[in-house]
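# Topology and contacts: notes
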Amino acid sequence: MAARMTEILRADLAGVMQAAAQLRAGALVAFGTETVYGLGGDATNAKAVAAIFDAKGRPRFNPLICHYPSAERAFQHVVADPRALRVAAAFWPGPLTLVLQRRPNCPVALLTGAGLDTLAVRVPRHAVATALLQAADRPIAAPSANRSGQVSPTSAQHVMDGLAGRIAAVLDSGSCEVGVESSVLDLSGTMPVLLRPGGVAAEALEACLGPIERGTPHATGQPAFRSPGLMVSHYAPNLPVRLNAESIADNEALLAFGPPLPGGRCVFQLSGSGDTVEAAVRLFEGLRWLDAEGKRVGAAGIAVMPVPLSGLGLAINDRLGRAAAPRGG
Ligand code: AMP
Ligand code: MG
């Protein structure tokens, strides 16, 4: 990635407006919330979201949390049942993330939610973050603003230590009040599941909702939370997926990277020029399209051309590997 200056913006009206304009233009801006600093990008712009993964150096596409200025805005994009309305009334704005079904017309890019039908949404409790989200006027995807594998940042300086030169700006709103990530509560199924413990205590959630599942005990007998990123279900097409194809059968659909192999029932091109960022932008769209179109034209499976491990190729291969893994495990 080309080195460029990362601007530190003051959290006054001018700084917030400038940060919002950069987000709207597709640039990455880190901003403080009550939990930790988030690395923000326009959640409706798959290129901005791919740039988030690139800047963090994440080896896989974890689904990202979308941030909104109000519950009303959040619930325009996901389906809120009475449980969601109850916890939102009790804990929003605040350090609680809810995983809910996407609405059919949800404009959030598939890459933001790693291709899933669910979306994680949160309304932060921080005046500057709220002002930014309002001014940006679109959902902002924001994982913690650190390089992959490093600790979450709680000050603008921490963000600069890890990401200077990799993002457009940091909106400096001082240090974070809570300092741990949001609790992630999955309300997309019948039983509420706490996917990640965080700023709202599990007991407080149970007092509001009744029993919630808190992860499964390990063989050690130690209660353990399901490990985020590892346990999260991932999108897989219905058609079987065959990786690193060097040729294709004529009853296969093709996910191409670079000059496409000849033949096949239908083709989706990830990136004709072999660009891994462009391929990331198109990955989940491509798998979904091939699944539907492949079925329509009678394809028996999806053949995938090799994608190199450089840049976002590592994360792309991780997802393709999961899509190709045997089902039911
Ligand atoms: P971070 O990006 O570090 O703030 O972490 C976001 C957390 O939310 C991770 O633990 C993700 O696995 C979890 N998450 C986000 N979206 C979803 C989703 N649709 N389903 C389940 N977990 C999610
Ligand atoms: Mg993190």
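Everything below is about the structure shown above.
All values reported here derive from a predicted model rather than from experimental measurement. Here, residues in each chain are numbered from 1, in the same order as that chain's written sequence. Whichever chain is written first is A, and whichever ligand is written first is 1; the rest continue in order. Local features in this predicted model are restricted to residues of pLDDT 70 or higher, and side-chain atom pairs are both shown and tallied only at a pLDDT of 80 or more, whereas totals for entire chains, interfaces and linings draw on every residue. Excluding hydrogens and water, the side-chain values take into account all heavy atoms of the structure.

## Regarding the overall build of the chain
Put simply, DSSP marks the helices as runs of H or I at least four residues long and the strands as runs of E at least two long, and each gets a number from the N terminus on. Each helix and strand in the chain was counted, giving 9 helices and 14 strands. Our radius of gyration looks at C-alpha atoms and nothing else; its globule reference is 2.2 Å times the residue count to the power 0.38. Taken over C-alpha atoms, the radius of gyration comes to 20 Å for the chain, in line with the 20 Å a tight globule of 329 residues would show. Counting only C-alpha atoms, the chain reaches 60 × 50 × 40 Å along its principal axes. In the chain, which comprises 329 residues, the share counted as buried stands at 52%. Note on contacts: a residue pair qualifies if any of its non-hydrogen atoms lie within 4.5 Å across the two residues. At a minimum sequence separation of 6, the contacts of the chain that also span at least 24 residues come to 67%. Three labels apply to residues, based on accessible area from a 1.4 Å probe with only protein chains included: buried if under 20% of the type maximum, exposed if over 50%, partly exposed otherwise in between.

## Topic: the sheet that holds strand 3 (residues 38-42)
If you walk across this open sheet you meet the 10 strands as 1-8-2-3-7-4-6-5-9-10, and the pairing is mixed. At either end of the open sheet lies a strand with only one pairing partner, and these are strand 1 (7-10) and strand 10 (193-196). Pairing analysis gives 2 bridges linking strand 4 (residues 65-67) to strand 7 (residues 140-141), with the strands arranged antiparallel. In the strand pairing of strand 7, H67 is matched with I140. Each of strand 5 (96-101) and strand 9 (183-186) is contacted by helix 4 (residues 82-91), which is oriented at about 160 degrees to strand 5, the strand it contacts most. Its contacts with the sheet put helix 6 (residues 156-163) on strand 1, strand 2 (29-31), strand 3 and strand 8 (169-172), and the angle it makes with strand 8 is roughly 165 degrees. At least two bridges found by DSSP between two strands are what make those strands a pair. Convention adopted: a line fitted to C-alpha atoms gives each axis, helices being fitted over their contacting stretch, and angles between N-to-C directions are expressed from 0 to 180 degrees.

## A closer look at the pairing of strand 10
Here strand 9 runs beside strand 10; their pairing, made up of 3 bridges, is antiparallel. Bridge pairing links V184 to R196 in strand 10. With antiparallel pairing between neighbouring strands as the criterion, strand 9 and strand 10 make up a hairpin whose turn holds 6 residues.

## Things to note about the environment of V277
Mapped onto the secondary structure, V277 falls in helix 8 (residues 276-296). On the basis of relative accessibility, which here comes to 27%, the residue V277 falls in the partly exposed class. Separated by 230 residues in sequence, V277 and K47 have C-alpha atoms that sit 7.7 Å apart. Apart from the residues within four sequence positions on either side, V277 is in contact with A50, D54 and L312.

## Looking at the sheet that holds strand 14 (residues 301-304)
One open sheet accounts for 4 strands, arranged 11-14-12-13; its pairing is parallel. Each end of this open sheet is capped by a strand with a single partner; those strands are strand 11 (241-242) and strand 13 (267-269). Two elements, strand 11 and strand 14, share 2 bridges in a ladder whose sense is parallel. Looking at strand 14, one finds that R242 is bridged to A303.

## Brief notes about the nonpolar core
For the purposes of this section, nonpolar cores are sets of buried Ala, Val, Leu, Ile, Met, Phe, Trp, Tyr and Cys residues that join through side-chain atoms within 4.5 Å. By size, the foremost hydrophobic cluster in this structure holds 77 residues, and its most contacted members are F61, V87, L98 and L255. For this core, the leading source of residues is helix 8, giving 7 residues. The contacts of L98, once residues within four sequence positions are left out, are A84, V87, W92, L119, A120, V121, L185 and L187. In this structure, L9, V16, L132 and I140 belong to the second largest nonpolar core, which totals 16 residues.

## Quick look at the packing of helix 4 against helix 7 (residues 202-209)
What describes two packed helices is the angle between their axes and the distance between those same axes. Put simply, helix 4 and helix 7 touch, their axes get as near as 10 Å, and they point 130 degrees apart. It follows that helix 4 is oblique to helix 7 by the angle criterion. Two packed elements cross with a definite hand, and for helix 4 against helix 7 that hand is right-handed. Residues R83, R86, V87, A90 and F91 of helix 4 pack against A204, L205, C208 and L209 of helix 7. Across the contact of helix 4 with helix 7, the residue classes tally to 7 nonpolar, no polar and 2 charged. The labels follow the angle: roughly parallel below 35 degrees, roughly antiparallel above 145, roughly perpendicular from 65 to 115, and oblique for the rest. Definitions for this section: a left-handed crossing has its near helix turned counterclockwise from the far helix by less than a right angle. A right-handed crossing has that turn clockwise. In this classification, Asp, Glu, Lys and Arg are treated as charged, Ala, Val, Leu, Ile, Met, Phe, Trp, Tyr, Cys and Pro as nonpolar, and every other residue, Gly included, as polar.

## Quick look at the packing of helix 8 against helix 9 (residues 313-324)
For the pair helix 8 and helix 9, the least separation of the axes is 9 Å and the interaxial angle reads 20 degrees. Taken together, the axes of helix 8 and helix 9 are roughly parallel relative to one another. In this structure, helix 8 crosses over helix 9, and the sense of that crossing is left-handed. On helix 9, the residues touching T276, A279, A280, L283, F284 and L287 of helix 8 are G313, I316, R319 and L320. Broken down by class, the residue content of the contact of helix 8 with helix 9 amounts to 7 nonpolar, 2 polar and 1 charged.

## Considering unusual backbone geometry
Of note, the bond from W92 into P93 is cis; its omega dihedral lies within 30 degrees of zero at -5 degrees. The residue P93 is located in the loop between helix 4 and strand 5 in this model. Look at D137: it is not a glycine, yet its phi comes out positive at around 60 degrees. Classification of D137 by relative accessible area gives partly exposed; the value is 45%. Even without being glycine, N244 reaches a positive phi, approximately 50 degrees. By secondary structure assignment, the location of N244 is in the loop between strand 11 and strand 12 (252-256).

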